[in-house]
Amino acid sequence: MSKCPAYVLHCAVEKMETGRVLVASVLVIYALVISVGGEEDASSPSVSACEFPAIYNFGDSNSDTGGISAAFYAMPSPYGDTFFNRPAGRGSDGRLIIDFIAEKLGLPYLSSYLDSIRSNFRHGANFASGGATIRRQNESWFDNGVSPFPLDIQFVQYDQFKGRTTTFYNQAKELFDTQDLPRPEDFSKALYTFDIGQNDLAAGFRKMSTEKLLAEIPDIVNQLAAAIRSLYDRGARAFWIHNTGPIGCLGVTLHYIHDPSPTGYLDRHGCVKFQNDMARQFNRLLKQKVIQLRKELPFSAITYVNVFAAKYKLISNAKKLGFFDKTKICCGYHEDYDHVWCGNKGKINGNEIYAGSCEDPSLYISWDGVHYTEAANHWIANQIASGSFSDPPVSITNACHSP
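Residues numbered from 1 in each chain as written. Predicted model: local features only at pLDDT ≥ 70, side-chain atom pairs only at ≥ 80, totals over all residues. Heavy atoms only, no water.

Novice: Is there a simple way to think about the overall build of the protein chain in this case?
Specialist: Assigned secondary structure in the protein chain consists of twelve helices and ten strands. Residues classed as buried in the protein chain amount to 59% of the 403 residues present. As displayed, the protein chain offers around 16600 Å² of accessible surface, 50% of which is attributable to carbon and sulfur atoms. (Helix = DSSP H or I, 4+ residues; strand = E, 2+ residues; numbered from the N terminus. Buried < 20%, exposed > 50% of the residue type's maximum accessible area, 1.4 Å probe, protein only. Areas by Shrake-Rupley, 256 points an atom, 1.4 Å probe, with all protein chains shown as cover.)

Novice: I would appreciate a short explanation of the layout of surface pockets in the present structure.
Specialist: Here the idea is plain: a probe the size of a water molecule rolls over the atoms and shows the empty space left. By volume, the largest pocket is sized at about 540 Å³. Lining the largest pocket are 25 residues, and of these Thr 65, Arg 86, Arg 90, Ser 111 and Asp 115 sit closest to its centre. Residue classes in the lining of the largest pocket are distributed as ten nonpolar, ten polar and five charged. (1 Å grid on protein atoms, 1.4 Å probe; cavity = no way out; pocket = protein on both sides within 12 Å on 5 of 7 lines; lining within 4 Å. Points joined across faces, edges and corners; volume = space filled by probe spheres on them. Nonpolar A, V, L, I, M, F, W, Y, C, P; charged D, E, K, R; others polar.)

Novice: So what exactly am I meant to see when it comes to the environment of Asn 243 here?
Specialist: Secondary-structure assignment places Asn 243 in the loop between β4 (238-242) and α9 (251-255). What makes Asn 243 buried here is its relative accessible area of 1%. Placed 37 residues apart in sequence, Asn 243 and Arg 280 show a C-alpha to C-alpha distance of 9.0 Å. Excluding its chain neighbours within four sequence positions, the residues that come into contact with Asn 243 are Asp 195, Asn 283, Leu 286, Tyr 304, Val 305, Asn 306, Val 307 and Phe 308. A polar side-chain atom of Asn 243 sits 3.0 Å from a polar atom in the side chain of Tyr 304. One polar contact links Asn 243 to Asn 306, side chain to side chain, over a distance of 2.9 Å. (Contact = heavy atoms within 4.5 Å. Polar contact = N/O pair within 3.5 Å; in protein donor to acceptor, adjacent residues only side chain to side chain.)

Novice: How should helix α7 (residues 198-207) be read in this particular structure?
Specialist: The α-helix advances 3.6 residues per turn, and as a result positions three or four apart in sequence lie on the same side. In terms of burial, α7 is largely enclosed, as nine of its ten residues are buried. For α7, the full list of buried residues reads Gln 198, Asn 199, Asp 200, Leu 201, Ala 202, Ala 203, Gly 204, Phe 205 and Arg 206.

Novice: Any chance you could explain empty space enclosed by the protein here in plain terms?
Specialist: As enumerated under the stated definition, the model contains six cavities of 30 Å³ or more in all. Computed from the structure, the largest cavity encloses a volume of approximately 80 Å³. For the largest cavity, the full set of lining residues is Pro 246, Cys 249, Leu 250, Gly 251, Ile 315, Lys 326, Ile 365, Ser 366, Gly 369, Val 370, His 371 and Tyr 372. For the lining of the largest cavity, the per-class residue count stands at seven nonpolar, four polar and one charged.

Novice: Would you explain the environment of Phe 282 in this entry?
Specialist: Looking at the secondary structure, you find Phe 282 in helix α10 (residues 273-296). A residue is classified by how much of its surface remains accessible, and Phe 282, at 0% relative accessible area, is buried. Put simply, Phe 282 and Thr 244 are 38 residues apart on the chain and 7.6 Å apart in space, counted from C-alpha to C-alpha. Once residues within four sequence positions are removed from consideration, Phe 282 is found in contact with Ile 134, Ile 196, Gly 197, Ile 217, Ile 220, Val 221 and Thr 244.

Novice: What should I look at first to understand the sheet that holds β4 in this one?
Specialist: Two pairing modes exist for strands in a sheet, parallel and antiparallel, and in both the strands are linked by backbone hydrogen bonds. With mixed pairing, the six strands of this open sheet are ordered in space as β2-β1-β3-β4-β5-β10. Unpaired on one side and paired on the other, β2 (124-126) and β10 (390-391) mark the two borders of the sheet. Pairing of β4 with strand β5 (residues 301-305), which is carried by five bridges, proceeds in the parallel orientation. Across the sheet, Phe 239 pairs through a bridge with Ile 302, a residue of β5. Here helix α6 (residues 151-171) sits on the sheet and contacts β1 (55-59), β2 and β3 (191-195); the angle it forms with β1, its principal contact strand, is near 155°. (Pairing = 2+ DSSP bridges. Axes fitted to C-alpha atoms, helices over the stretch in contact; angles between N-to-C directions.)

Novice: Any chance you could explain the state of the cysteines here in plain terms?
Specialist: Linking two cysteines covalently through their sulfur atoms gives a disulfide. Tallied over the full model, the rule gives four disulfides. Each sulfur of the disulfide joining Cys 249 and Cys 271 lies 2.1 Å from the other. Because the sign of the S-S torsion sets the handedness, a value of about 110° for the bond joining Cys 249 and Cys 271 places this disulfide among the right-handed ones. One end of the pair, Cys 249, is in the loop between β4 and α9; the other, Cys 271, is in the loop between α9 and α10, and 22 residues separate them in sequence. Using a relative accessible area of 3% as the deciding quantity, one classes Cys 249 as buried. Cys 331 shares a disulfide with Cys 342; S-S distance 2.0 Å. The disulfide joining Cys 331 to Cys 342 has a torsion of about 85° about its S-S bond and is therefore right-handed. With a gap of eleven residues between them, Cys 331 in the loop between α11 (307-316) and β6 (333-335) and Cys 342 in the loop between β7 (338-340) and β8 (345-348) connect regions that are remote in the sequence. The class for Cys 331 is buried, based on a relative accessible area of 0%. (Disulfide = S-S within 2.5 Å.)

Novice: Would you mind showing me how to read the side chain of Thr 178 here?
Specialist: Secondary-structure assignment places Thr 178 in the loop between α6 and β3. Judged by relative accessible area, which is 5%, Thr 178 ranks as buried. In terms of polar contacts, Thr 178 uses its side chain to reach the backbone carbonyl oxygen of Leu 175, at 2.8 Å. Leave out the neighbours within four places in its chain, and Thr 178 touches Arg 122, Tyr 169 and Ala 172.

Novice: Is there a simple way to think about the nonpolar core in this case?
Specialist: The nonpolar side chains of soluble globular proteins are, as a tendency, buried together. Tyr 56, Phe 58, Tyr 192, Phe 194, Leu 231 and Phe 239 are the most contacted members of the largest nonpolar core, which has 89 residues in total. Ranked by residue count, the leading element in this core is helix α8 (residues 210-233), at eleven residues. In this structure, Met 75, Cys 342, Tyr 364 and Trp 367 belong to the second largest nonpolar core, which totals eight residues. (Core = buried A, V, L, I, M, F, W, Y, C linked by side-chain atoms within 4.5 Å.)

Geometric descriptors of this kind do not, in isolation, establish any biological role.
Set out below in structure tokens:
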């Protein structure tokens, strides 16, 4: 049984060790948590498109386009094989939601801030890294897969990036010397995207009681809000904020559940109810915070995006939408409690196993048990980009307009 790589959701929340105590916690959570809705359709107002010149992204492996791979070990094949025909630093067989967002805005795919090879930052930069959290966890990347680049460090990296590139741009004597650098005036016109928080919950499942994690969620949300305020103080105006997804529906999480499941442990679509309820609580507080920030930051345009609802819609309607069930994992070896993670080799019962990919990833929602396939990411991106899952209900191209 091989050790899972660091980009795999804190080693699958240490193999669901907290699962043994979750059943007792379900009723507590159920009483405390208010579900997040937001699956109704919406149409974008008839306003002019924003024409964002750049995207600056902050997040974890759901939007990491090469950060953790550049900092540590490169992702192995078959990661990236579907679209890039090679590993491209992404936790998927192809493009991520942030890649499809860039496409919809007519911008190139984001280069990771940490990737020094042939990176072009003219149209933005990606500060996301696999395993990243909002709050510092003070844990090793090598032990639990926690990124050493939490949100506050990502913000420091952004600050340094903005200051240094502006200096170099202003000092350049030839136009050629600025072609890979952002224009200083574009920082205030850019779209600032966030997709982070899932790993904070995963860490909580590993280290905290139910009551303790519930008590900590407000502080986690407040720290995310503090980063948004700091960016606003530096001139950022348009924000696109993803809430966290249905962590209780991840393939690797469900793999550890064997029938018969305890009553109340799974929801009506077969996901771990406790974990999804914690995600809903995080999302409810995040939405409240976004509403508050709109009042505090009068020139801001902050869009709250209900990614949870979009992903849950895909998962609960998988077969109708042409996908296999959510429990099917395309890449990796997962049998009973033996695991060899996607693209790795391991020994099972004395035999060497290579954990390769399925024949057709486009039929799967789950790529490696934690991350989504390109096909699933594409479906989700199409849903959220239209504004159907957003508050206010504006499309990604109109996200610069205040509600």
